[in-house]
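Summary of the model geometry
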Amino acid sequence: MPVTGGKTTRWVAASALVPLTALALGAVPVRAEPVTGTAVVSWRPCATAVKDWAAITDGDTAMECAMVPVPLDYADPGGRQIGIAVSRLKATAPAKRRGALLVNPGGPGGSTITFPLNVADSGLAELGTDHDLIGFDPRGVGYSDRIVCAGEPLTPPVTTTDKDQARYYFDRERAFNERCAPQDLAFTRQLTTANMARDVDAIRVALGEQKISFFGVSWSTALGANYRSLFDDHVDRMWLDSVMPPVMDLEAMDDSIAAVHEKSYAAFAAWLARHDGEFHLGGTVAAVTRTIFALRDTLTSSPRVSDAGGYQSVFDGAAVTRMLGITAGGYASVGRDLATLHEGGVPGVPTAAKQKSRQTAPGLFGLDADFEFFNDLQYRAVMCNDGVGGRDFDTVWANRQKRAQRYPATGGAPENARQCPSWPVPAQPWQLTRGSSALQLSGHLDEDVTPYAWAVAMQAKVGGALLTVPDDQHGSLKGLPCASKVVDFFRTGRTTNGSCPPTSSVAAPAAPAAPSTGDLSGTVDLRGCSGSLVRMPNSVEGDRALLLTNGHCFSGARPIPDEVLVNQPASAAFDLLSADGGRLGTLRATRAVYVSMTGTDVTLYRLTETYAQLKREYGVRPLEVSGQRPAPGTPIRVVSGGLKRTYSCRIDRLAYRVLEAAYLTKDVIRYTPECDTGPGTSGSPIVEAASGRVIGVNNTSNREGNLCTENNPCEMDRYGAVSARKGASYGTQTYWITTCMAAGNRLDLRLPGCLLPKPS
């Protein structure tokens, strides 16, 4: 539960406590009275004031941080106070300073306090010369006061009807709402976008600014629109990118998303038809659609279940529906999955680990609290406190059926409308109005996170100009050449209703090259996962051999977040493969040397045989793990013993962090699209093509384009900005392992320079 009063304001001097005037509660007024008070903030270097700052920003020393106290309930300004964590990156040219620019990459639910660093490292960097860049964690997330109550594990049901499955998920949301929302109902009730807009004005006062500018992306466009509706007189300039709708009607939002997905499906079906020789789903769009819809009907009545890898995967009609809104980057991967299902198989085992519950526990909040990137309850509270719909199953189901009739390929996959059963707070819809301050919106023509139609509707409601970006990427503006338009707007106030040609649109790929069998020497089939026989740079022939795979492929109970297992008993058997994928024999492990899904995603087994014995018996030599960090652009092969396939591509980039459900991995390899790995490839070695050394282990891919959920990992850059790339595939680096291995293949986490996460 949130800690109030003195504990949350420990970094703010007593003189900095800002007295705030009352604001009416309930319907948002056309204009709110501004927050008033003394403009004093006790700034400290984030590097010394904020716990874990170096880890989450990769060593930033430039930013300053503070806590700003605000009323929990603006109708009772003298009552309970909570703390809002604020950051500042001061203008680099103080003589040219125009003012303060608050920046927020979206949400709800995610920490955004580090976002100024992201802005300063993007196409908007010039704004940091003449603006103080201000970041903040909205109430309920990150270092601001919050409630800690995480979601329960997801166990998909095996059902015979779509309605049974839909009811399961609806009841699962109900259980979360009934468990978490009442923990501190007074706090939960005040988690609204309008209150967060009032918090923004409290930040303005604390900064000593008469007016502020605002740059927001995704959900924070709603925050900006609410702020401008309440405090237009205190807005200098505001740019909103990837815009939310003016009313958060959860059913209508699902309708809009389904419409975009249906359009995407039409393009996907045409692509499948052109490549029927690869996928065998039909040579025309009509034939492809008949095949896929018949497959969906079959799986609805007779779901297929895979327990491979210790994780139950259910492939039913709903699973097919979720695949069909894919964008071009994921065509080949989803096409192979559909082809496998059409042939009577299952695509494999999901790459995400089976999540155990995170414990609900009270704690100390503020800058010296443990960092929490995502808060489940704040996300839910904003959706349900602000949003209408989603509270009654029969209504949700009926609307879903109507949607499926309008959008036959993709309309049966609800995204938002099942979230609010048993929510204890009545909906408080936004009351947005037009204003006179400079406002620019930008919408992305083919994106499906915040569809372009929402930007059009928001413009009709609040005014402003609308820039059209003809791409399918959410929030991509700051990385495009026309980010210069954003810089110009904040300096001159000039708006535009034109378009902004992107440089990063994803074209539909040509016919995919079928992954080759390649040389599978040294790989193993884990019956649902893949792996490899490996040696360290200092291994010798007489050492007991090692086998490498993913942490989520561990034969025992999978580690929960922040858990590291060392030297655990194990009883596991693996099929050792020949160069052409034939089975040479069975390898057995008696010990798991290291297992973790925290920071990395690896299991390192010790086998019963030595390298010399394996060479004599099978003629196989292990793959050597490289001790060097790989570089973007490096040609690689992902060698799957589970699928008997080899994928060839390059390292696209090294992602700072990848978040999947509750699991966070660091310095992650992202492949170019040619390595379109999917289920069944978990644990496959990533081999540097030139040297033949192992540089990573394939571990996950984003299957549906969702954000930070199971089987839909998202990327987080070093400044906290989060993005999802549908179809992107990732691998965890392995050079860390070599820094912790002593002679004799002995793990020693105490070695100087050992980089592997340690047991807590």
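Residues numbered from 1 in each chain as written. Predicted model: local features only at pLDDT ≥ 70, side-chain atom pairs only at ≥ 80, totals over all residues. Heavy atoms only, no water.

Check the secondary structure of the protein chain and you find 19 helices and 28 strands. Going through the 760 residues of the protein chain one by one, you find that 60% of them count as buried. The long-range share in the protein chain, meaning contacts at least 24 apart out of those at least 6 apart in sequence, stands at 75%. (Helix = DSSP H or I, 4+ residues; strand = E, 2+ residues; numbered from the N terminus. Buried < 20%, exposed > 50% of the residue type's maximum accessible area, 1.4 Å probe, protein only. Contact = heavy atoms within 4.5 Å.)

The geometry of an aromatic ring pair is captured by two quantities: the separation of the ring centres and the angle between the planes. Inspection of every chain in the model, using the stated rule, returns 13 aromatic pairs. Seen in terms of ring centroids, Tyr 227 and Phe 231 are 5.1 Å apart; in terms of plane orientation they differ by 35 degrees. Their pairing is tilted. Of this pair, Tyr 227 and Phe 231 both sit in helix α8 (residues 219–231), separated by four residues, roughly a single helical turn. Judged on exposure class, the residue Tyr 227 and its partner Phe 231 are both buried. Geometrically, the ring pair formed by Phe 574 and Tyr 605 is tilted, given 5.2 Å between the ring centres and 50 degrees between the ring planes. Placement of Phe 574 in strand β15 (residues 564–577) and of Tyr 605 in strand β17 (residues 602–610) is noted, with a sequence separation of 31 residues between them. (Phe/Tyr/Trp six-rings, centres within 6.5 Å; stacked < 30°, edge-to-face > 60°.)

The next thing to look at is the pattern of salt bridges. Counted according to the given criterion, the structure contains 33 salt bridges. In this structure, Glu 251 engages Arg 403 in a salt bridge whose closest nitrogen and oxygen atoms are separated by 2.7 Å. Placement of Glu 251 in helix α9 (residues 250–274) and of Arg 403 in helix α15 (residues 393–406) is noted, with a sequence separation of 152 residues between them. Overlapping salt bridges bring together Asp 652, Arg 653, Arg 670, Glu 715 and Arg 725 as one network. (Salt bridge = Lys/Arg side-chain N within 4 Å of Asp/Glu carboxyl O.)

A few words now on the packing of α9 against α15. Viewed as axis vectors pointing N to C, α9 and α15 meet at an angle of 20 degrees, and their least axial separation amounts to 11 Å. Comparing their axes, α15 and α9 come out roughly parallel. Our pair here, α9 against α15, has a crossing hand that is right-handed. Between α9, through Glu 251, Asp 254, Asp 255 and Ala 258, and α15, the contact on the second element is made entirely by Thr 395, Val 396, Asn 399, Arg 403 and Arg 406. Looking at side-chain class alone, the contact of α9 with α15 contains two nonpolar, two polar and five charged residues. (Axes fitted to C-alpha atoms, helices over the stretch in contact; angles between N-to-C directions. Parallel < 35°, antiparallel > 145°, perpendicular 65-115°, else oblique. Left-handed = near helix turned anticlockwise from the far one by under 90°. Nonpolar A, V, L, I, M, F, W, Y, C, P; charged D, E, K, R; others polar.)

Spatial ordering of the open sheet is given by β1-β2-β3-β5-β4-β6-β7-β10-β11, a layout of nine strands whose pairing is mixed. At either margin of the open sheet sits one strand with a lone partner, and together these are β1 (44–45) and β11 (465–469). When strand β6 (residues 212–218) meets strand β7 (residues 235–243), the two strands line up parallel, connected through six bridges. Bridging across to β7, Ser 218 finds its partner in Val 243. Strands in contact with helix α16 (residues 452–462) are β7, β10 (438–444) and β11; relative to β10, the strand with the most contacts, it is inclined by about 160 degrees. (Pairing = 2+ DSSP bridges.)

The next point concerns the confidence of the model for the protein chain. Of the residues in the protein chain, 87% reach a pLDDT of 70 or more, and the chain-wide mean stands at 84. Across residues 349–364 the pLDDT falls below 50, and counting only partners more than four positions away or on other chains, this stretch makes 65 contacts in the model. Low confidence marks residues 510–517, where pLDDT is under 50. Its contacts with residues over four positions away, or in another chain, come to 19 contacts. (pLDDT = per-residue confidence, 0-100.)

Before going further, it helps to spend a moment on α15. Taking 1.5 Å as the rise per residue, α15 with 14 residues should run 20 Å; its terminal C-alpha atoms sit 20 Å apart, in good agreement. Taken residue by residue, α15 has Phe 393, Val 396, Trp 397, Arg 400 and Arg 403 as its buried positions. Along the long axis of α15, the arc covered by the buried residues comes to 120 degrees, so they all point the same way. Away from its buried face by more than 90 degrees, α15 exposes Asp 394 and Gln 405. In this structure, the buried side of α15 is in contact with α5 (162–180) and α9. (Expected span 1.5 Å × (residues − 1). Arc of directions from axis to C-beta.)

Every buried residue belonging to helix α18 (residues 611–618) is among Tyr 611, Leu 614 and Tyr 618, and all of these are buried. All buried residues of α18 fall inside an arc of 60 degrees around its axis, so they share one side. Of the exposed residues in α18, the ones pointing more than 90 degrees away from its buried face are Arg 616 and Glu 617. For α18, the secondary structure elements touched by its buried residues are β13 (530–535), β14 (544–549), β15, β16 (583–596) and β17.

A word on unusual backbone geometry. Each neighbour pair has its own omega, and for Gly 107 with Pro 108 the value is -10 degrees, a cis peptide bond. Within the secondary structure, Pro 108 sits in the loop between β4 (99–104) and α3 (115–119). Its identity is not glycine, yet Asp 562 carries a phi of approximately 70 degrees, on the positive side. The residue Asp 562 is located in the loop between β14 and β15 in this model. With relative accessibility at 59%, the residue Asp 562 sits in the exposed group.

So, on to the state of the cysteines. Applying the stated criterion to the full structure yields eight disulfides. Between the sulfur of Cys 708 and that of Cys 714 lies a disulfide, 2.0 Å long from S to S. Between Cys 708 and Cys 714, the disulfide has an S-S torsion of 100 degrees and is therefore right-handed. Exposure class is identical for Cys 708 and Cys 714. Each is buried. (Disulfide = S-S within 2.5 Å.)

It is worth spelling out the pairing of β11 at this point. Within β11, five of the five residues are buried, leaving the element largely enclosed by the surrounding structure. Burial along β11 is two-sided: the face carrying Ala 465, Leu 467 and Val 469 and the face carrying Leu 466 and Thr 468 are both buried. In the sheet, β10 pairs with β11 via five bridges, with the strands oriented parallel. Within β11, the residue paired with Gly 443 across the bridge is Thr 468. For the handedness criterion, the β-α-β arrangement of β10, α16 and β11 is classed as right-handed. (Right-handed = clockwise from strand over helix to strand, strands pointing away.)

Now for the packing of helix α7 (residues 193–207) against α8. As a packed pair, α7 and α8 sit with axes 8 Å apart at the nearest point and diverge in direction by 70 degrees. Comparing their axes, α8 and α7 come out roughly perpendicular. The handedness of the crossing between α7 and α8 is right-handed. When α7 is examined against α8, the residues Thr 193, Ala 194, Met 196, Ala 197, Arg 198, Val 200, Asp 201 and Arg 204 are found in contact with a partner set consisting of Trp 219, Ala 222, Leu 223, Asn 226, Tyr 227, Leu 230 and Phe 231.

Now for the side chain of Arg 88. Within the secondary structure, Arg 88 is located in strand β3 (residues 81–89). Taking relative accessible area as the criterion, Arg 88 reaches 14% and is therefore assigned buried. At 2.7 Å, the side chain of Arg 88 forms a polar contact with the side chain of Glu 64. (Polar contact = N/O pair within 3.5 Å; in protein donor to acceptor, adjacent residues only side chain to side chain.)

Quick look at the nonpolar core now. Grouped together as the largest cluster of nonpolar side chains are 69 residues, with contacts concentrated most on Leu 102, Ile 203, Leu 223, Tyr 227, Met 248 and Trp 423. With near-sequence residues (within four places) excluded, Leu 223 lies in contact with Phe 136, Thr 193, Met 196, Ala 197, Val 200 and Phe 214. (Core = buried A, V, L, I, M, F, W, Y, C linked by side-chain atoms within 4.5 Å.)

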